[in-house]
Amino acid sequence: MNLTTKTTCPYCGVGCGVVAERQPDGGFAVRGDTEHPSNFGRLCSKGAALGQTLDLDDRLLYPQINGERVAWDRALDAVAQGFAQTIREHGPGSVALYVSGQLLTEDYYVANKLVKGFIGTSNIDTNSRLCMSSSVAGHKRAFGTDTVPCNYRDLEVSDLIILVGSNTAWCHPVLYQRIQAARRDNPKLRVVVVDPKRTETCEEAELHLAIAPGTDTWLFNGLLVWLHDQGLADTTYISEHTQGFEAALAAARASGATPDAVAKICGIAEADVLTLFRWFAETEKVITVYSQGVNQSSAGTDKVNSIINCHLLTHRIGRPGMGPFSFTGQPNAMGGREVGGLANMLAAHMDFAPADVARVQRFWNSPVIAGAPGLKAVDMFRAVEEGKIKAIWIMATNPVVSLPETDRVRTGLAKCPLVVVSDCIGITDTAKYAHILLPAAAWGEKNGTVTNSERRISRQRPFLPTPGEAQPDWWIMTQVARRMGFADAFPYESAHEVFLEHARLSGYENDGQRDFDISGLAEIDASGYDGLIPVQWPVTRKRPHGTERMFTDGRFFTDTGRARFLPITPRLPVNALTPDYPLVLNTGRVRDHWHTMTRTAKAPRLNAHTPEPYVEMHADDAQRLGLANGTLARLESAYGAMLARVEYSTNARPGSVFVPIHWNDQFARLACVGALVNAVTDPFSGQPELKHTPVRVKPYDPRWHGFVLSRRQLTIADATYCVSIKGDKFWRYELAGETPAADWKGWARELLCAPQVDGRAEWLDYLDAGHGRYHGVRLFTRDGITTLESCVFIAPTAELPPRSWLAGLIVKPQVSAEERMSLLAGAAPRGQVESGPAVCACFGVDANTIRRAIATHDLSSVEAIGQSCQAGTNCGSCKPALKVLLEEVRAARDAA
Ligand code: SF4
């Protein structure tokens, strides 16, 4: 293995280049790749912590059948025979693959070819369906193909960036940093955020339009009409390069598109509506970014097209610094789109038109080929529940957590005759339902390519040995395909061979008729593949260095070569609020976690930022419902329920609550928000409405609350609410339950008093049985040095000691006599200051330290905070939070 390996971050769709460097102790440090054109060396908090996530804890290392370790041959035979038998008995439509934007393009390619070209069904879909399929559908409707016109450099030369449904600061942090850097160089650059929720992205925006959930299409229809009525339509461009304009304008006008009507339905001030309209009108270089807030909607595709309509009207597309720009969520969502990983795409951006089907079949020389779209994610798991899908293979994703109505997904998988799961982690919520578990190679071990949001193909290269018997996904599928009788068509011995075939298909009978063409890479040899530098497709003989921007010539990939305006008739979310479910549930990501946390929860510094599942709500709503800040709440929808910690927020829109998507059974009990989410979908994209589910929230009043800090990992069975959080050399458990222990002291000692091999263990405790309060502390003394081994605090309410001082103590090499005196009170001795919530993940700087630095040194800028206490000086992900603290301290000072 090399000492230094250039690869690509496995998290979001920004696709940052990283460099993994072997350390003297054999571990790896990860830093940003200064030569990668997506990030130029920058990383966010998640990317910067990658080095902390490389351990083998929880790894699936060997194939298993029904929980028993078996040899690869046996596992592969079982998968191939199980699928073949199901197909024989029930037809190809009775099997399905559910894959993932975490797969590499080469993995995706083999999966898609096997299912569509050889099994003969299109029942392969990807978790990208949950992420950006509305953008795909919108692009195809407008451009005739799924093409992202812009690139990241366009963000830097733009003069107006409108971020719609995009918490860029948290979800695409390096692009947020690039935008902020561009603002310093270009004072004209303005940023507008359109989002029902005030997010950290708003901290640096000139304008925030907190529109009512689901009203985006009214806003952009209004913009279309207003721009037209102001005489700002580019009539030449419209007549020469587009079609459908009149119908789109008429539909927009019919939707009630005057600024006052838009303001009313969107629930915002008319002046703000007009400000956005005027800025769009007076600024030539406008980029409209859209992300999950647009896509994850039952009207997601219409939202995308309402945005694209405005760019077509004004010819703000295909030119530097302007265009509609979809930010993808996953590292290889785009690669999946390229190979046909979605059930409604065939391969290489070809559809199910008869000519495409015949062409792909010719190229693959396949015996059968799917001729129509298959089941999209939500429908696929419905079909599992209904018994129509009888064998499913799930790869690199956790649908039991991430899909809507997860209780139904669980029910379906529990009764499905054959569930195969390929994953690198063996204990996910989904893996529990697998009959056959296949160990897959993980990031750092895999070899292949990914494509980011700006169409840039980058290499993921291995720098770690593959542990146990884990194998790359493309290899696993190749072996199964051979066992199913398709050996000739699956001859691959390397990811490089798969890539070459994928590249050849993209150029096969193409002649410029299809946008996705990387035939310029179809003959690279193994060393060319190993050394491939990041490049934006199309890559052809004519364009060997890739293509920075699309649609520069006004030619689109529709039948007529013209872009299509779409008439948009706005629709509100499918499920309206009711007296029983009066609040809107909005879901999304937090800054420092990724998806179902299987990787990020390994990094203590990432866990510190948001240690528990929470429900963010406006204080007025919370108080009306009797929910105190920091207490537990039960959230219920018509589909399921969960528990979460209440977090008051002035950023929440009254009437809406926000819950992160990440927590699941692996880390918390009763904390999966997917259980609540309605499974209604967009009629064009099939993307579920993850941002709008009617819910109610009520206090959850367990009879006891508590927390445990322990140097050992524990299993705590008898708590209703139990969140386990990995700290730096310790584990933290947040607990609550319905039935208090009859003997708290006995309970605590049984849990925490593991035998010590040497040294002296001591148990200190305090019990107030009348009030249900118990504090216990275990100390360990060896060679005269005392350390804190574990502690437990139980109380009848959520009012418990702050965790930060105790957490600091548990990692200290020695507990002082003074600290020992304070232990049972759970409070720092006089003079020692409690730290606050984590803010800067890179340097572990907490909110109280930052507040003190601002007040003591009279700091006036984020940069000054960095100079004073380092916060924000590495990845910069916490800079919006630093700005909030700066304003908070200033406001407190002014008020004093
Ligand atoms: Fe990874 Fe962060 Fe870059 Fe996304 S922005 S690719 S998570 S380093």
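Remember, it's a predicted structure, so these values are computed and weren't measured experimentally.

Rules used in this analysis
Residues numbered from 1 in each chain as written. Predicted model: local features only at pLDDT ≥ 70, side-chain atom pairs only at ≥ 80, totals over all residues. Heavy atoms only, no water. Domains from an automatic or database assignment. Contact = heavy atoms within 4.5 Å. Buried area = accessible area lost by both parts, 1.4 Å probe. Axes fitted to C-alpha atoms, helices over the stretch in contact; angles between N-to-C directions. Helix = DSSP H or I, 4+ residues; strand = E, 2+ residues; numbered from the N terminus. Parallel < 35°, antiparallel > 145°, perpendicular 65-115°, else oblique. Left-handed = near helix turned anticlockwise from the far one by under 90°. 1 Å grid on protein atoms, 1.4 Å probe; cavity = no way out; pocket = protein on both sides within 12 Å on 5 of 7 lines; lining within 4 Å. Points joined across faces, edges and corners; volume = space filled by probe spheres on them. Nonpolar A, V, L, I, M, F, W, Y, C, P; charged D, E, K, R; others polar. Pairing = 2+ DSSP bridges. Salt bridge = Lys/Arg side-chain N within 4 Å of Asp/Glu carboxyl O. Buried < 20%, exposed > 50% of the residue type's maximum accessible area, 1.4 Å probe, protein only. Polar contact = N/O pair within 3.5 Å; in protein donor to acceptor, adjacent residues only side chain to side chain. Near = heavy atom within 4 Å. Phe/Tyr/Trp six-rings, centres within 6.5 Å; stacked < 30°, edge-to-face > 60°. Lys NZ or Arg CZ within 6 Å of the ring centre and 35° of its normal. Disulfide = S-S within 2.5 Å.

Would you take a moment to explain the domain arrangement of the protein for this structure?
A common way to report how large an interface is uses the accessible area buried once the components associate. Taken domain by domain, the protein holds domain 1 (4–53), domain 2 (64–129 + 332–493), domain 3 (133–326), domain 4 (583–699), domain 5 (704–825) and domain 6 (838–895). Just the C-alpha atoms count here: the centres of domain 3 and domain 6 sit 32 Å apart. Tallying the contact residues gives 7 residues for domain 3 and 8 residues for domain 6. Taken over both partners, the interface formed by domain 3 and domain 6 buries close to 620 Å², and the fraction arising from carbon and sulfur atoms is 44%. Contact with domain 6 buries surface across domain 3, with Gln177, Glu200 and Glu203 losing the most and accounting together for 64% of the total.

Teacher, can you tell me more about the packing of helix α3 (residues 105–119) against helix α20 (residues 473–486) here?
Helix-helix packing is described using two parameters, namely the angle between the two axes and the distance between the axes. Two elements in contact, α3 and α20, have axes whose closest approach is 8 Å; the angle formed by their N-to-C orientations is 20°. Put simply, α3 runs roughly parallel to α20. Along this stretch, α3 crosses α20, giving a crossing that reads as left-handed. Here Glu106, Asp107, Val110, Ala111, Leu114, Phe118 and Ile119 of α3 lie close against α20, whose contacting residues are Asp473, Trp474, Met477, Thr478, Ala481, Met484 and Phe486.

Even after reading the chapter, I still don't get empty space enclosed by the protein, so can you show me in this structure?
Leftover empty space is mapped by rolling, across the atoms, a probe with the size of a water molecule. In total, this model carries 6 cavities of 30 Å³ or more according to the counting rule given. Here the second largest cavity is characterised by a volume of approximately 110 Å³. In terms of lining, the second largest cavity is formed by Ala377, Val378, Phe381, Arg382, Glu385, Leu403, Pro404, Glu405, Arg408, Val409 and Ala679. When residues of the lining of the second largest cavity are traced back to their parent elements, those giving at least two are α17 (377–385) and α19 (406–415). Of all the elements, α17 adds the most residues to the lining of the second largest cavity, at 5 residues. By residue class, the composition of the lining of the second largest cavity is 7 nonpolar, no polar and 4 charged.

Would you mind showing me how to read the sheet that holds strand β15 (residues 418–423) here?
Sheets are built from strands that pair by backbone hydrogen bonding, the pairs being arranged parallel or antiparallel. Strand order in the open sheet formed by 7 strands is β5-β4-β16-β15-β14-β6-β7, with mixed pairing between adjacent strands. At either end of the open sheet lies a strand with only one pairing partner, and these are β5 (68–69) and β7 (124–126). Running at roughly 135° to strand β6 (residues 95–99), α17 makes contact with β6, β7 and β14 (391–395) of the sheet. Contacting β6, β14, β15 and β16 (436–439), α20 crosses the sheet at an angle of about 155° to β14.

Can you help me understand the pattern of salt bridges in this one?
Close approach of charged atoms allows side chains of opposite charge to pair. Within the structure shown, the criterion is met by 57 salt bridges. A salt bridge links Arg362 to Glu509; its shortest N-O distance comes to 2.7 Å. A residue pair is termed long-range when its members are at least 10 positions apart, and Arg362 in helix α16 (residues 354–364) and Glu509 in the loop between α21 (495–507) and α22 (526–530) qualify at 147 residues. Given a relative accessible area of 45%, Arg362 falls into the partly exposed group. In this structure, the salt-bridge partner of Asp858 is Arg893, at a minimum N-O distance of 2.9 Å. One end of the pair, Asp858, is in the loop between α28 (847–857) and α29 (862–869); the other, Arg893, is in helix α30 (residues 879–895), and 35 residues separate them in sequence. Taking relative accessible area as the criterion, Arg893 reaches 36% and is therefore assigned partly exposed. Beyond isolated ion pairs, a larger network of salt bridges with shared partners links Glu612, Arg645, Arg732, Glu734 and Arg803.

How do you make sense of the environment of Cys878 when you look at a structure like this?
With respect to the helices and strands, the residue Cys878 is situated in the loop between α29 and α30. Of the residues examined, Cys878 reaches a relative accessible area of 3% and is grouped as buried. C-alpha separation for the pair Cys878 and Arg359, spaced 519 residues apart in sequence, amounts to 50 Å. Not counting chain neighbours up to four residues away, the residues in contact with Cys878 comprise Arg591, Val839, Cys840, Ala871 and Gly872.

What should I look at first to understand the packing of α17 against α19 in this one?
For the pair α17 and α19, the least separation of the axes is 7 Å and the interaxial angle reads 50°. By the angle between their axes, α17 is oblique relative to α19. Here α17 and α19 pass one another in a crossing that is left-handed. Every residue of α19 that contacts α17 at Phe381, Arg382, Val384 and Glu385 is listed here: Arg408, Val409, Gly412, Leu413 and Lys415.

Explain the side chain of His496 to me, please; I cannot follow it from the model alone.
Mapped onto the secondary structure, His496 falls in helix α21. In this structure the side chain of His496 is engaged in a polar contact, spanning 2.9 Å, whose partner is the backbone oxygen of Ile524. With near-sequence residues (within four places) excluded, His496 lies in contact with Ile524, Asp525, Ala526 and Tyr529.

Could you clarify how one ought to interpret the site of the ligand in this entry?
Surrounding the ligand, one finds Cys9, Tyr11, Cys12, Val14, Gly15, Cys16, Leu43, Cys44, Lys46, Gly47, Pro173 and Val174. Only α1 (45–48) and α7 (173–185) provide two or more residues apiece to the shell around the ligand. By residue class, the composition of the shell around the ligand is 9 nonpolar, 2 polar and 1 charged.

Quick question: what am I supposed to make of the sheet that holds strand β22 (residues 614–617) here?
Spatially, the 6 strands close up into a barrel ordered β21-β25-β22-β24-β23-β26, and their pairing is mixed. The average angle at which neighbouring strand axes cross in this sheet is 45°, direction not considered. Where β22 and strand β25 (residues 656–660) come together, 2 bridges link them in antiparallel fashion. Counterpart to Glu616 in the pairing with β25 is Phe658.

What should I look at first to understand unusual backbone geometry in this one?
A negative phi angle is the norm for most residues apart from glycine, just as the trans form is the norm for most peptide bonds. That bond from Trp537 to Pro538 is cis: its omega, 0°, falls within 30 degrees of zero. Here Pro538 lies in the loop between β19 (535–536) and β20 (563–564). Even without being glycine, Asp58 reaches a positive phi, approximately 70°. Position of Asp58 among the secondary structure elements: in the loop between α1 and β4 (64–65). Judged by relative accessible area, which is 40%, Asp58 ranks as partly exposed. For Asp783, which is not a glycine, the phi torsion comes out positive at approximately 50°. Positionally, Asp783 belongs in the loop between β31 (773–782) and β32 (785–795).

How should the packing of aromatic side chains be read in this particular structure?
What characterises a pair of aromatic rings is the spacing of the ring centres plus the angle enclosed by the ring planes. By the definition in use, this model includes 26 aromatic pairs. Consider the rings of Tyr109 and Trp364, whose centres lie 6.4 Å apart with planes at 80°: the pair is edge-to-face. Remark: Trp364 occurs in helix α16 and Tyr109 occurs in helix α3; sequence separation between them is 255 residues. Residue class for Tyr109 comes out buried when judged on its relative accessible area of 2%. Ring centres 6.5 Å apart and planes at 55° place the aromatic pair Phe551 and Phe557 in the tilted group. Summarising the burial analysis for this pair, Phe551 and Phe557 share the class buried. Chaining the aromatic ring pairs together yields one cluster made of Phe118, Phe486, Phe490 and Tyr492. The positively charged end of Arg69 is found above the aromatic ring belonging to Tyr62, 3.5 Å away from the centroid. The aromatic ring of Phe658 is capped on one face by Lys197, whose charged end is 4.4 Å from the ring centroid.

Honestly, the pairing of strand β28 (residues 721–726) in this entry has me stumped. Any pointers?
Burial analysis of β28 places 6 of its 6 residues in the buried class, the great majority of the element. Across 6 bridges, the pairing between β28 and strand β29 (residues 731–737) is antiparallel. Bridge pairing in β29 places Lys726 opposite Trp731.

How should the state of the cysteines be read in this particular structure?
Where two cysteines share a covalent bond between their sulfur atoms, that bond is called a disulfide. In total, this model carries 0 disulfides according to the counting rule given. Cys753 supplies the cysteine sulfur nearest to Cys791, a cysteine that is in no disulfide, at a spacing of 13 Å. Assessed through its relative accessible area of 0%, Cys791 is described here as buried.

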